[in-house]
Amino acid sequence: GAGVSQSPRYKVAKRGQDVALRCDPISGHVSLFWYQQALGQGPEFLTYFQNEAQLDKSGLPSDRFFAERPEGSVSTLKIQRTQQEDSAVYLCASSETRLSEQYFGPGTRLTVT
Amino acid sequence: DQQVKQNSPSLSVQEGRISILNCDYTNSMFDYFLWYKKYPAEGPTFLISISSIKDKNEDGRFTVFLNKSAKHLSLHIVPSQPGDSAVYFCAGYRDDKIIFGKGTRLHILP
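Fair warning: this is a prediction, and the values are worked out from it, not measured in the lab. (Residues numbered from 1 in each chain as written. Chains lettered and ligands numbered in written order. Predicted model: local features only at pLDDT ≥ 70, side-chain atom pairs only at ≥ 80, totals over all residues. Heavy atoms only, no water.)

Some thoughts on the interface of chain A and chain B
The criterion, for reference: Note on contacts: a residue pair qualifies if any of its non-hydrogen atoms lie within 4.5 Å across the two residues. The buried area of a pairing is the accessible area, by a 1.4 Å probe, that goes missing from both parts when the two are put together, added over both. Each reported salt bridge corresponds to a side-chain nitrogen of Lys or Arg within 4 Å of a carboxyl oxygen of Asp or Glu. Polar contacts, as counted here, are pairs of nitrogen or oxygen atoms within 3.5 Å of one another; within protein the pair requires one atom able to donate a hydrogen and one able to accept it, and residues that are adjacent in sequence qualify only if both atoms are side-chain atoms. In this description a helix means any DSSP run of H or I spanning at least four residues, a strand means any run of E spanning at least two, and both kinds are numbered starting from the N terminus. As a working rule, the residues Ala, Val, Leu, Ile, Met, Phe, Trp, Tyr, Cys and Pro are called nonpolar, Asp, Glu, Lys and Arg charged, and the rest polar, with Gly in that last group.
At the interface, 20 residues of chain A touch 16 residues of chain B. The contact between chain A and chain B buries some 1,400 Å² in all, and 54% of this surface belongs to carbon and sulfur atoms. For chain A, the biggest contributors to the area lost against chain B are Pro43(A), Gln102(A) and Phe104(A); these three give 27% of the whole. Linking chain A to chain B there are 2 salt bridges. Of the charged contacts in the structure, one is a salt bridge between Asp96(B) and Arg98(A), with a shortest N-O distance of 2.4 Å. Counting across the interface, chain A meets chain B through 4 residue pairs in polar contact (both at pLDDT 80 or more). Elements supplying a minimum of two residues to the side of chain A that touches chain B: β4 (31-37) and β5 (44-50) of chain A. In terms of residue count, β4(A) provides more of the side of chain A that touches chain B than any other element does, 3 residues in total. Across the side of chain A that touches chain B, the residue classes break down as 9 nonpolar, 7 polar and 4 charged.

Structure (structure tokens):
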């Protein structure tokens, strides 16, 4: 079946622009996670949803970052007033339940110029 | 403060030999540990895990060893194959969060 998909795959934004990154999880997966991977680093946790409820947003670096999953399936990560330090690959993962294996999407590479 | 450390950025191993990837951690509260494999332009894929109460887990060519007293784990791949060339991430899991190391790039030489 289809895996986790993310769009766009690549995004170039000028500093100060707002961006929206989309994640389509595997159908039926209850849990959804967002990670940020800077160059040369491992993925870092941003936020976690169970269905439509955002249960943990402790990893969001600032109030410019906002995530939603209004119907418990597709999720959007929004970054307002992008800064150069926001340049990274943003990974989405989903899992069948909270404790089961996380399946990652290919990521969105964001470059802020 | 890095909770999971992979101190070798890269490793080269001859095809057919054993690859050993190492990982250290500082947080004793992880429930279990995971290894992920990542190819360029793809997301990480789960490889193998080990509960914090175990000291070894084996799955085919992959074995993970956990030394709790040393706060160290290692992934053994034997025999190494060309398709094993990738970046490998060590990670710890606790409270719904996966904490990743920086990764080690493994090159399998022909």
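What about the environment of Val89(A)?
All names here are of chain A. By the element assignment, Val89 lies in strand β9 (residues 88-95). Sequence separation between Val89 and Phe104 is 15 residues, and the spatial gap between their C-alpha atoms is 12 Å. What Val89 contacts, discounting residues up to four positions off in sequence, is Tyr35, Gln36, Gln37, Gly107, Thr108 and Arg109.

Looking at the sheet that holds strand β6 (residues 56-59) of chain B
All names here are of chain B. Rules: We treat two strands as partners when DSSP finds at least two bridges between them.
Here 5 strands make up an open sheet; going across it, the order is β1-β3-β8-β7-β6 and the pairing antiparallel. Each end of this open sheet is capped by a strand with a single partner; those strands are β1 (4-5) and β6. Two strands pair when backbone bridges link them, and strand β7 (residues 62-67) and strand β8 (residues 72-77) are joined in this way by 6 bridges, in the antiparallel orientation. Directly across from Phe62, in β8, lies its bridge partner Ile77.

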